[in-house]
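# Survey of secondary and tertiary structure
Here is how the chains run, residue by residue.
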Amino acid sequence: MSGRLYGVGLGPGDPELVTVRTARLIGEADVIAYHAARHGRSIARSIALPYMREGQIEELLLYPLTTETTDHPGGYQGALDDFYADCAERLAAHLDAGRTVVVLAEGDPLFYGSYMHMHKRLAHRYPTEVVPGVTSVSAAAAVLGRPLVERDEVLTVLPGTLPAQVLAERLRDTDSAAVLKLGRTFGKVRDALAEAGRLDDAWYVERATMGAQRVAPLKDVDPDGVPYFSLALLASPAERTFVPERPADEGRGEVAVVGLGPAGRPWLTPEAQEALAAATDLVGYGPYVDRVAPNPRQRRHRTDNRVEAERARHALELARDGARVAVVSSGDPGVFAMASAVLEAAADFPDVPVRVVPGLTAAQAVAARAGAPLGHDYCVLSLSDLLKPWEVVADRLSAAARADLVLAIYNPASRSRTWQVAAARDLLLEHRAPDTPVVIGRDVGGPQESVTVTTLGELDPGQVDMRCLLIIGSSTTRATEGGVVYTPRRYP
């Protein structure tokens, strides 16, 4: 079995910018290989050192020359080709012996890196993987705090070794640019930037993220002593267009009435997630506000469940003063929830925009768990008599029962309302058969979810509490032996 070859990117210089995968591979490797100039000092090794362990084999791949002349019959390129071929065979000996070989590469292995010369000679012979790294271009933009490109802009990456005229043409015709391999080419690159009319916009970054990092306007840099590990950067032209900070009370305030669904993030729509993420203030009944993950930049205004009008006005006042307010409701905000309260109060705040963000309502959630009991015409009704008299509730129950509508009943009971379920059952039995299917959905989507299928005649009010929703079938609603409830779309 042969070994495995890895070309790993170490990033621009800071060991903390080494990826987790690269760090792990370095620690696991049998052989660590790295290139260096003839002085033998390897920047790549110094970056990787915190992740290396004792006992690893090290292969120092020492360049025979960098900028010197050579008497090699093939010239400069011929000398390097022989060097790369020799390095590849040295690594191949380890791979043939079954050893894992990691070749270190500053920046990214396939971005102007020495590793690629090993890759071209070995990747077709041995199992190989390349692990990308942060490039010097990305690091330079980061330390400058300036964007490289945005939207349709073009980034051009150039080696400083190109002819001056080619550099000037490319620099003139691009939006953003990075010129690498400065060192001895610095003067030529500076002249090319000047000829392209881009010198005043150019930045010089030396050893980005390293201890000796240096940043300066390129036109102010002394050419003497510019190292190879430096680059010239033309950032995005858009970086000069800063968006002025807008006062909090200028055009930003709004109220979004957001439906959280019946329970949990999986029931939350993308539109609702977006509204919650953009909010500066959350307003709502305490348990509903608590369902939104805490964010320290957001203010949370928890209130009691019986102060809807006050809650709505508070939200509108916050928005009038510039806040982006999310008023949260369980389920859908337009179904027995906060949307109507906010819109009613909004008449006194004509300059505050209000939008309603729908949510999955409890009737739909319970119906989906049971099957399809809402497959035909249905009525949504609340048993609560806090905001309307019981006589109205009773008349509407009877009317819906006479019309043979499936009923989705919200707020069937609470701590202080314990008799309405039995009263509603008795009213419905005047028009429905005792074997009419009934679904009791409790805490659907939550940790205490339960769905019970029973009949109208056997409905036990003691099974129903404030966290329940009832679905009462019509004359056509069916319940299978497996507990699936559905209402056919065709009416007899």
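Our subject is the structure that appears above.
Across the interface, helix H10 (residues 308-320) lies against helix H11 (residues 338-345) with an axial gap of 9 Å and an inter-helix angle of 60°. On the basis of their axis angle, the class for H10 and H11 is oblique. Judged by the twist between their axes, the crossing of H10 over H11 is right-handed. On H11, the residues that touch Glu308, Arg311, Ala312, Arg313 and Leu316 of H10 are Met338, Ala341, Val342 and Ala345. For the contact of H10 with H11, the class distribution of residues is six nonpolar, no polar and three charged.

With their axes 9 Å apart at the nearest point, helix H13 (residues 390-402) and helix H14 (residues 420-429) run at an angle of 35° to one another. Judged by the sense of rotation from one axis to the other, the crossing of H13 with H14 is right-handed. Counting all contacts with H13, which are made through Trp390, Ala394, Leu397, Ser398 and Ala401, the residues of H14 involved are Gln420, Ala423, Ala424, Leu427 and Leu428. Here the residues of the contact of H13 with H14 sort into eight nonpolar, two polar and no charged.

This next bit is on the sheet that holds strand E20 (residues 450-455). Spatially, five strands are ordered E17-E18-E21-E19-E20 in an open sheet, and the strand pairing comes out mixed. One side of each edge strand has no neighbouring strand; the edge strands of this open sheet are strand E17 (378-382) and E20. Geometrically, the sheet is characterised by an average inter-axis angle of 20° between neighbouring strands, direction not taken into account. One ladder, built from three bridges, connects strand E18 (residues 406-410) with strand E21 (residues 468-472); its direction is antiparallel. Its bridge partner lying in E21, Ala408 is registered against Ile471. In the packing of helix H12 (residues 362-370) onto the sheet, the strands contacted are E18, strand E19 (437-442), E20 and E21, and the crossing angle to E21 comes to about 65°.

Cut-offs used in this document
Residues numbered from 1 in each chain as written. Predicted model: local features only at pLDDT ≥ 70, side-chain atom pairs only at ≥ 80, totals over all residues. Heavy atoms only, no water. Axes fitted to C-alpha atoms, helices over the stretch in contact; angles between N-to-C directions. Helix = DSSP H or I, 4+ residues; strand = E, 2+ residues; numbered from the N terminus. Parallel < 35°, antiparallel > 145°, perpendicular 65-115°, else oblique. Left-handed = near helix turned anticlockwise from the far one by under 90°. Contact = heavy atoms within 4.5 Å. Nonpolar A, V, L, I, M, F, W, Y, C, P; charged D, E, K, R; others polar. Pairing = 2+ DSSP bridges.

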